[in-house]
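# Results of the structural survey
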Amino acid sequence: GAGVSQSPSNKVTEKGKDVELRCDPISGHTALYWYRQRLGQGLEFLIYFQGNSAPDKSGLPSDRFSAERTGESVSTLTIQRTQQEDSAVYLCASSLGTGVPNIQYFGAGTRLSVL
Amino acid sequence: AQSVTQLGSHVSVSEGALVLLRCNYSSSVPPYLFWYVQYPNQGLQLLLKYTSAATLVKGINGFEAEFKKSETSFHLTKPSAHMRDAAEYFCAVSTGTASKLTFGTGTRLQVTL
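To start, this report covers the structure provided alongside it. Since we're looking at a predicted model, the values are computed, not measured.

### Details of the interface of chain A and chain B
Taken together, the 24 residues of chain A in the interface contact 20 residues of chain B. On the chain A side of the contact with chain B, Leu43, Pro101 and Phe106 of chain A bury the most area, a combined 28% of that side's loss. Run the count over chain A and chain B and you get zero salt bridges. Seen at the junction of chain A and chain B, the total is three residue pairs in polar contact (both at pLDDT 80 or more). Elements with a minimum of two residues in the side of chain A that touches chain B: strand E4 (31–37) and strand E5 (43–50) of chain A. Top contributing element to the side of chain A that touches chain B by residue count: E5 of chain A, with four residues. Tallied by class, residues from the side of chain A that touches chain B come to 11 nonpolar, 12 polar and one charged.

If you want it as structure tokens, here you go:
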């Protein structure tokens, strides 16, 4: 596609439910990133995929958070047993994965509200 | 380790006035620096990037930023603000070819008539 696509754009869920957020990167981009943006704060890195390498999960805040990516295509971020502090905008970005520096292109995000 | 500090969570300027948004960074290796802009309900859009090729970097929409190693700064400026510049601006640093970005907490720019 022309840009990074994320769905849904908004998600309201009840505390304790599981949610799945989807990211469709720019075609040909080998690197994919997930970030979290809490209200009034900057973006926090969550996880990074690069080709077939093991993902960098160093930013995941707890074991309730996980992400998968199939090849160099779609990624899903899953949050299990959601808590109110998980409420945030979840942003996905993709990049070519090569070149210096590597420019990340962002989607519009998924706004998650946990009631 | 790397970090970014943006001084001023809110900046208000009059239309036509100079815009100055401050960013200081910390990095143990030569950094790559970025400014992104976020309009309401949209994703982040790259304004400009520093890659060590030139210390004064020009970006889109008339913005520019100057890398000052001695001050560990990468402040964003625009000579004359427009109403359409009202948005949130994020400074970010990375240290690798395809590494994560570390963001500042953002500065919300308000432009008044």
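Alright, that's what it looks like, and here's the rest.
### Brief notes about the pairing of E5 of chain A
All names here are of chain A. Across the eight residues of E5, six count as buried, placing the element largely inside the fold. Here E4 runs beside E5; their pairing, made up of seven bridges, is antiparallel. Residue Arg36 lies in a different strand from E5, and its bridge partner there is Glu44. Between E4 and E5, which pair antiparallel one after the other, the connecting turn spans five residues, and Gly40 there sits at a positive phi close to 75°.

### A short note on the pattern of salt bridges
Any two side chains of opposite charge can pair, given that their charged atoms come close. Residue and element names in this part refer to chain A. The tally for this structure, following the rule as stated, stands at seven salt bridges over all chains. Of the charged contacts in the structure, one is a salt bridge between Asp24 and Arg22, with a shortest N-O distance of 4.0 Å. Its relative accessible area of 38% is what places Arg22 among the partly exposed residues. One salt bridge connects Asp86 with Arg64, and the closest N-O pair in it is separated by 2.8 Å. Placement of the pair is Asp86 in the loop between strand E7 (75–79) and strand E8 (88–95) and Arg64 in the loop between E5 and strand E6 (65–69), with a sequence separation of 22 residues. Accessibility assignment for this pair places Asp86 and Arg64 in one class, buried. Here the residues in one salt-bridge network are Arg36, Arg38 and Glu44, joined through shared partners.

Rules used throughout
Residues numbered from 1 in each chain as written. Chains lettered and ligands numbered in written order. Predicted model: local features only at pLDDT ≥ 70, side-chain atom pairs only at ≥ 80, totals over all residues. Heavy atoms only, no water. Contact = heavy atoms within 4.5 Å. Buried area = accessible area lost by both parts, 1.4 Å probe. Salt bridge = Lys/Arg side-chain N within 4 Å of Asp/Glu carboxyl O. Polar contact = N/O pair within 3.5 Å; in protein donor to acceptor, adjacent residues only side chain to side chain. Helix = DSSP H or I, 4+ residues; strand = E, 2+ residues; numbered from the N terminus. Nonpolar A, V, L, I, M, F, W, Y, C, P; charged D, E, K, R; others polar. Buried < 20%, exposed > 50% of the residue type's maximum accessible area, 1.4 Å probe, protein only. Pairing = 2+ DSSP bridges.

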